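# Chains, contacts and geometry: an overview
For reference, the chains in residue letters:
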Amino acid sequence: MRPFTERAISIIAGIPEGRVMTYGQIAALAGSPRGARQIVRILHSMSKKHKLPWHRVINAKGRIGLMDDESFLLQKMYLEGEGVAVSAEGEIDLAQYQHLRASESEE
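This one's a predicted model, so the numbers in the text were calculated from it and none came from an experiment.

Scoring rules and cut-offs
- Residues numbered from 1 in each chain as written.
- Predicted model: local features only at pLDDT ≥ 70, side-chain atom pairs only at ≥ 80, totals over all residues.
- Heavy atoms only, no water.
- Helix = DSSP H or I, 4+ residues; strand = E, 2+ residues; numbered from the N terminus.
- Rg over C-alpha atoms; globule rule 2.2 N^0.38 Å.
- Buried < 20%, exposed > 50% of the residue type's maximum accessible area, 1.4 Å probe, protein only.
- Contact = heavy atoms within 4.5 Å.
- Areas by Shrake-Rupley, 256 points an atom, 1.4 Å probe, with all protein chains shown as cover.
- Lys, Arg positive; Asp, Glu negative; His and termini not counted.
- Charge placed at Lys NZ, Arg CZ, Asp CG, Glu CD.
- Patch = residues over 30% accessible without salt bridge, like charges linked within 9 Å, V, L, I, M, F, W, Y side chains within 5 Å.
- Salt bridge = Lys/Arg side-chain N within 4 Å of Asp/Glu carboxyl O.
- Core = buried A, V, L, I, M, F, W, Y, C linked by side-chain atoms within 4.5 Å.

Let us now look at the overall build of the protein chain. In terms of regular secondary structure, the protein chain is built from six helices and two strands. For the protein chain, the sequential pattern of α-helices and β-strands runs α-β-α-α-β-α-α-α. The C-alpha radius of gyration of the protein chain comes to 13 Å, within 12% of the 13 Å expected for a compact globule of 107 residues. Structurally, the protein chain occupies a C-alpha span of about 35 × 30 × 20 Å along its principal axes. Within the protein chain, the fraction of its 107 residues that count as buried is 38%. For the protein chain, restricting intrachain contacts to residue pairs at least 6 apart in sequence, the fraction spanning at least 24 positions comes to 59%. Element-wise, carbon and sulfur atoms account for 51% of the exposed surface of the protein chain, whose accessible area totals about 6600 Å². Averaging the coordinates of the 14 positive side-chain charges in the protein chain and doing the same for the 13 negative ones gives two points 9 Å apart.

The structure is reproduced here in structure tokens:
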């Protein structure tokens, strides 16, 4: 496994319940600021194997990025079950729910 992938998995696994991170935020922390699409691929291919909290990862606009109704509703349900307020359109208030790691909050 590549170092970027290992770091990304570690970051995703560390997102606490009731918080979210963006694809781009995770990519930047893992060492590839333009690697948001790689995070999507990692989540798609490795969430089950590594028991990743995939539902805590959203897009940079603070929205659920999944397009099909079933996946969208499942992610919305999981987030709401953890106390995250999600609008009917899938919007999440990043100012309130975004998880910032120590290195980010110092910037």
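Resuming the write-up.
Looking now at a nonpolar patch on the surface. Taken together, Leu-74, Met-77 and Tyr-78 make up a surface patch of nonpolar side chains, about 270 Å² in accessible area. Relative to the helices and strands, Met-77 is located in helix H4 (residues 69-81).

Any two side chains of opposite charge can pair, given that their charged atoms come close. Applying the stated criterion across every chain yields a total of three salt bridges. Between Glu-82 and Arg-56 there is a salt bridge, and its shortest N-O distance comes to 2.7 Å. Here the residue Glu-82 occupies a position in the loop between H4 and helix H5 (94-97), and Arg-56 occupies one in the loop between helix H3 (36-50) and strand S2 (57-58), the gap between them amounting to 26 residues. Across the pair Glu-91 and Arg-63 runs a salt bridge whose closest N-O atoms are separated by 3.3 Å. Of this pair, Glu-91 sits in the loop between H4 and H5 while Arg-63 sits in the loop between S2 and H4, and the two are 28 residues apart along the sequence. Assessed through its relative accessible area of 39%, Glu-91 is described here as partly exposed. The class for Arg-63 is partly exposed, based on a relative accessible area of 30%.

This part takes up the nonpolar core. Within the largest apolar cluster, 16 residues are counted, with the highest numbers of intra-cluster contacts made by Ile-12, Ile-26, Ile-39, Leu-43 and Val-57. Counting residues per element, the ones that place at least two in this core are helix H1 (3-13), helix H2 (23-30) and H3. At five residues, H1 tops the list of elements feeding residues into this core. Ignoring anything within four residues of it in the chain, the contact list for Ile-12 reads Ile-26, Ile-39, Leu-43, Leu-52, Pro-53 and Val-57. Among the nonpolar cores identified, the runner-up in size contains nine residues, and Val-20, Val-84, Ile-92 and Tyr-97 belong to it.

None of the figures reported here should be taken as evidence of function without further support.
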